[in-house]
Amino acid sequence: MRRGVVVRLVVVGIAASAVALCVALFIPWLPTPASREADRIDFVFWFVSGISIAIFGLVAAVILIAVVRFRARPDDDSDGPPIHGHTGLEIVWTAVPAVLVTAISVVSAVALAQNDSLPRKHLTVDVLAQQFYWSFSYPKYHNLTSNVLRLPVNEAVQLRITARKNDVIHSFWVPQFRQKQDAVPGLVRTIVITPDRTGTWAVICTELCGLGHALMRARVVVMKKAAFAAWVGAAPKQTGGGKAVFVNNGCSSCHTFKPAGASATIGPDLDKLPAEARKAGQPLEQFVRESIVHPNAYIEPHYPPNLMPQTFGSLPKSQLDALVRFLIGKGK
Ligand code: CUA
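Remember, it's a predicted structure, so these values are computed and weren't measured experimentally. Starting afresh in each chain, residues are numbered from 1 along the sequence in its written order. Given that the model is predicted, a residue must reach a pLDDT of at least 70 before its local features are reported, and side-chain atom pairs must reach 80 or more before they are shown or counted; all residues, however, enter totals for whole chains, interfaces and linings. Hydrogens and water are ignored here; the side-chain numbers use all heavy atoms of the structure.

Chemist: Can you tell me about the overall build of the protein chain, naming the residues and giving the values?
Modeler: Where helices and strands are cited, they refer to DSSP runs of H or I of at least four residues and of E of at least two residues respectively, numbered from the N terminus. The number of helices and strands found in the protein chain is eight helices and 12 strands. Against the 2.2 N^0.38 benchmark of 20 Å for 332 residues, the protein chain shows a C-alpha radius of gyration of 29 Å, more extended than a compact globule. C-alpha extents for the protein chain along the principal axes are approximately 95 × 50 × 30 Å. Within the span of the protein chain, comprising 332 residues, buried residues form 39% of the whole. Each radius of gyration is computed over the set of C-alpha atoms, and the globule rule expresses the reference value as 2.2 Å times the number of residues to the power 0.38. Throughout, exposure labels follow a simple rule: accessible area from a 1.4 Å probe, protein chains only, divided by the maximum for the residue type, with under 20% read as buried, over 50% as exposed, and the rest as partly exposed.

Now the structure itself:
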């Protein structure tokens with residue numbers, strides 16, 4: 001190959017790589033990471049991106065030079081020169097990708113192993129996914145349950161993610177934490193997260209799970225350690241009433257109910273419960289209780305059966321009673 005061609009290859013290759021590098025760097029593809037695991041995943045991401053950008057530059061340069069310099073001239077009707085391959089080239093384009101793919105595997109495996117390792121001192125949170133809400137409970141704090149995932153900063157947390165046996169598959173994802181994990185009925189899957197800055201982000205369900213999938217969101221709040229301890233200390237006093245049961249069990253993600261400040265429209269409007277009970281021909285309290293425990297017993301016109309999860313019969317009796325009182329307007 002003549003020297004001029006090599007120089008052009010190098011120049012075009014660098015130019016193409018520079019364009020790809022700008023696309024990679026100046027478009028915010030990923031939200032700013034907020035955990036140590038996310039930093040490791042981003043390292044792998046940029047490692048692979050770097051390799052891809054270099055290969056793109058090389059391929060783009062070879063294609064451009066070949067198209068421009070070696071194209072057939074309009075008056076050229078001859079056959080091309082008889083070429084039967086190039087052993088040196090073939091060895092290079094087999095060996096180089098083999099080395100790169102091996103390097104990517106090793107870097108990924110190291111990041112995965114580090115992300116899966118759980119330090120002895122850690123917090124455990126049980127994550128329950130249901131159609132269509134998240135709830136989070138803290139075994140260390142008497143199973144304190146919240147519909148907001150609150151975490152102390154700089155402390156490893158193990159999430160034990162599951163769904164009830166008669167529910168469907170959901171998937172836990174906080175983009176700033178990068179990792180995803182499915183919530184599979186009857187199985188407990190875990191991930192480790194070590195948040196490294198405070199802030200509020202969205203927990204997103206990232207597995208199509210039914211009508212309310214797009215709205216199946218919760219908040220994650222990463223707090224300073226003292227603020228987290230204060231929340232844990234204050235929380236038990238706030239979980240007694242029917243409104244707390246309503247909110248913590250995600251009722252407000254599907255229903256409208258003014259006393260709870262809820263305005264969702266996936267399920268029937270609970271401000272109209274007295275009228276519904278009359279239609280169903282039942283006393284209000286009995287109707288409300290039955291609708292929670294056996295949602296398919298009476299179905300509001302224009303709503304499909306099985307829309308409402310049939311899992312609330314497992315609520316502790318005191319919470320169920322408080323919830324019923326709250327819904328019939330006799331308690332907070
Ligand atoms: Cu739950 Cu999508």
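Chemist: Report on the sheet that holds strand β9 (residues 199-205), specifying residues and quantitative values.
Modeler: Within the open sheet, the five strands sit side by side as β4-β10-β9-β6-β7. Their pairing is mixed. In this open sheet, the two edge strands, each paired with only one partner strand, are β4 (148-152) and β7 (180-183). Within the sheet, the average angular offset between the axes of one strand and its neighbour, ignoring direction, is 25°. Here, a strand pair is defined by DSSP locating no fewer than two bridges between the strands. Two elements, strand β6 (residues 170-173) and β7, share four bridges in a ladder whose sense is antiparallel. Bridging across to β7, Phe172 finds its partner in Gln181. Whenever a helix is involved, its axis is fitted only over the stretch in contact; in every case the axis is a line through C-alpha atoms, and angles between N-to-C directions fall within 0 to 180 degrees.

Chemist: Report on a nonpolar patch on the surface, specifying residues and quantitative values.
Modeler: A cluster of nonpolar side chains, Val19, Leu21, Val23, Leu25, Phe26, Ile27, Trp29, Leu30, Phe45 and Trp46, forms an exposed patch at the surface whose accessible area comes to about 990 Å². Among the secondary structure elements, those contributing two or more residues to the nonpolar patch are α1 (3-26) and α2 (36-69). In terms of residue count, α1 provides more of the nonpolar patch than any other element does, five residues in total. Here Trp29 is to be found in the loop between α1 and α2. Accessibility expressed as a relative area gives 52% for Trp29, which makes it exposed. Like-charged residues are merged into a patch within 9 Å and nonpolar side chains (Val, Leu, Ile, Met, Phe, Trp, Tyr) within 5 Å, provided each residue has over 30% relative accessible area and no salt bridge. Accessible surface area values rest on a Shrake-Rupley calculation with a 1.4 Å probe, where residue burial reflects the displayed protein chains alone. A pair is scored as a salt bridge if a Lys or Arg side-chain nitrogen falls within 4 Å of a carboxyl oxygen belonging to Asp or Glu.

Chemist: An account of α1 is needed here, citing residue identities and associated values.
Modeler: Count 3.6 residues to each turn of an α-helix, and residues three or four apart come out pointing the same way. Multiply 1.5 Å by the residue count of a helix minus one, and that product is the helix's expected span. Across its 24 residues, α1 extends 34 Å between first and last C-alpha, which sits within 8% of the 34 Å expected from 1.5 Å per residue. Of all the positions in α1, only Val5, Gly13, Ala16, Ser17, Ala20 and Ala24 are classed as buried.

Chemist: Give me the lowdown on the pattern of salt bridges, citing residues and values where you can.
Modeler: Tallied over the full model, the rule gives seven salt bridges. The closest approach of N and O atoms between Asp269 and Lys272, which form a salt bridge, is 3.8 Å. Among the residues examined, Lys272 registers a relative accessible area of 48% and is labelled partly exposed. Taken together, the shared-partner salt bridges connect Glu285, Arg289 and Asp321 into one network.

Chemist: Could you give an account of the packing of aromatic side chains, naming the residues involved and the relevant values?
Modeler: Pairing of aromatic rings covers Phe, Tyr and Trp, the last through its six-membered ring, and needs centres within 6.5 Å; plane angles under 30 degrees mean stacked, over 60 mean edge-to-face, and all others mean tilted. Scanning all chains against the criterion turns up 12 aromatic pairs. Where Trp134 meets Phe172, the ring centres are 5.7 Å apart and the plane angle is 85°; that geometry is what we call edge-to-face. Placement of Trp134 in strand β2 (residues 133-138) and of Phe172 in strand β6 is noted, with a sequence separation of 38 residues between them. Residue class for Trp134 comes out buried when judged on its relative accessible area of 2%. The exposure class of Phe172 is buried, given its relative accessible area of 1%. Between the aromatic rings of Phe257 and Phe326, the centroid separation amounts to 5.3 Å while the plane-to-plane angle is 90°, which identifies the pairing as edge-to-face. With Phe257 in strand β11 (residues 256-257) and Phe326 in helix α8 (residues 317-327), this pair connects stretches of sequence that are 69 residues apart. For the pair shown, Phe257 and Phe326 are each scored as buried.

Chemist: Describe the side chain of Thr256, with residues and values.
Modeler: Here Thr256 lies in strand β11. Polar side-chain contacts of Thr256 include one of 2.7 Å to the backbone oxygen of Ala264. Here a residue-residue contact requires only that any non-hydrogen atoms of the pair lie within 4.5 Å. Beyond its immediate chain neighbours, meaning those up to four positions away, Thr256 contacts Ala262, Ser263, Ala264, Thr265, Pro268, Asp269, Leu270 and Asp271. Nitrogen and oxygen atoms within 3.5 Å of one another constitute a polar contact, given that in protein one can donate a hydrogen and the other can accept it, and given that sequence-neighbouring residues count only through two side-chain atoms.

Chemist: Hey, could you go over the nonpolar core for me, with residue numbers and the actual values?
Modeler: What we call a nonpolar core is a set of buried Ala, Val, Leu, Ile, Met, Phe, Trp, Tyr and Cys residues that are connected through their side-chain atoms within 4.5 Å. Ranked by internal contacts, the top residues of the largest apolar core, which has 40 residues, are Val125, Trp134, Leu159 and Phe172. Sorting the residues of this core by element identifies β1 (123-130), β2, β4, β5 (157-163), β8 (189-193), β9, β10 (217-223) and α4 (225-234) as the ones contributing at least two each. Ranked by residues supplied to this core, first place goes to β10 with five residues. Among the nonpolar cores identified, the runner-up in size contains 21 residues, and Cys251, Phe287, Val288 and Leu315 belong to it.

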